[in-house]
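Coordinates in review
These are the residues of each chain, in order.
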Amino acid sequence: MAVTMCLCYGHTFEEVKEAVKEHGWTTVGEIGKEMGCGTGCGLCRPYLAKMLETGETEFEAVKEVKQPSDKQKWSWKGFGK
Ligand code: FES
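Notes on the structure in this doc start here.

Take the packing of helix α1 (residues 13-23) against helix α3 (residues 45-54) next. At their nearest, the axes of α1 and α3 sit 11 Å apart, and the two run at 50° to each other. One element, α1, and the other, α3, form an angle in the oblique class. In the packing of α1 onto α3, the handedness of the crossing is right-handed. Residues F13, V16, K17 and V20 of α1 lie in contact with α3, whose contacting residues are Y47, L48, M51 and L52. Split by residue class, the contact of α1 with α3 holds seven nonpolar, no polar and one charged.

What follows is about the nonpolar core. By size, the foremost hydrophobic cluster in this structure holds 13 residues, and its most contacted members are V16, I31, C37, L48, M51 and L52. Of all the secondary-structure elements, those providing two or more residues to this core are α1, α2 (28-35) and α3. Counting residues per element, this core draws most heavily on α3, which supplies five residues. Residue contacts for V16: discarding those within four places in its chain leaves H11, I31, M35, C37, L48 and M51.

Structurally, the position occupied by G10 is in the loop between β2 (5-6) and β3 (11-12). A tally of 10 C-beta atoms within 10 Å means that G10 is categorised as exposed. Between the C-alpha atom of G10 and that of M35, which follows or precedes it by 25 residues, the distance is 9.9 Å.

Glancing now at the environment of A19. With respect to the helices, strands and loops of the structure, A19 is situated in helix α1. Separated by 15 residues in sequence, A19 and E34 place their C-alpha atoms 9.5 Å apart.

Along α2, the residues that are buried comprise V28, G29, I31 and G32. Taken around the axis of α2, the buried residues stretch over an arc of 160°, which confines them to a single face. Contacts made by the buried residues of α2 are with α1 and α3. Looking one or two places after α2, you find G36, whose phi comes out positive at around 90°.

The rules behind each value
Residues numbered from 1 in each chain as written. Predicted model: local features only at pLDDT ≥ 70, side-chain atom pairs only at ≥ 80, totals over all residues. Axes fitted to C-alpha atoms, helices over the stretch in contact; angles between N-to-C directions. Helix = DSSP H or I, 4+ residues; strand = E, 2+ residues; numbered from the N terminus. Parallel < 35°, antiparallel > 145°, perpendicular 65-115°, else oblique. Left-handed = near helix turned anticlockwise from the far one by under 90°. Contact = placed C-beta atoms within 7 Å. Nonpolar A, V, L, I, M, F, W, Y, C, P; charged D, E, K, R; others polar. Core = buried A, V, L, I, M, F, W, Y, C linked by C-beta atoms within 7 Å. Buried ≥ 20, exposed ≤ 12 C-beta atoms within 10 Å, placed from the backbone. Arc of directions from axis to C-beta.

In structure tokens:
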């Protein structure tokens, strides 16, 4: 079964990719800050990082999660009001 979206916020990776293109975001943190994706359960974070890296929007579910690179590393900065 392919993974195609952030379930917590209901955005497909295709939608996220379009927003990334439109706004020029380069990190998972920016996506989370603006769209929420990655700030819920966090399971979509590695897929968002892979989407930023490759442009792919459909992924095989992974059992082992590779942590994002330092460039893509999750940051809590900018969250909370
Ligand atoms: S699936 Fe994206 S934050 Fe839970």
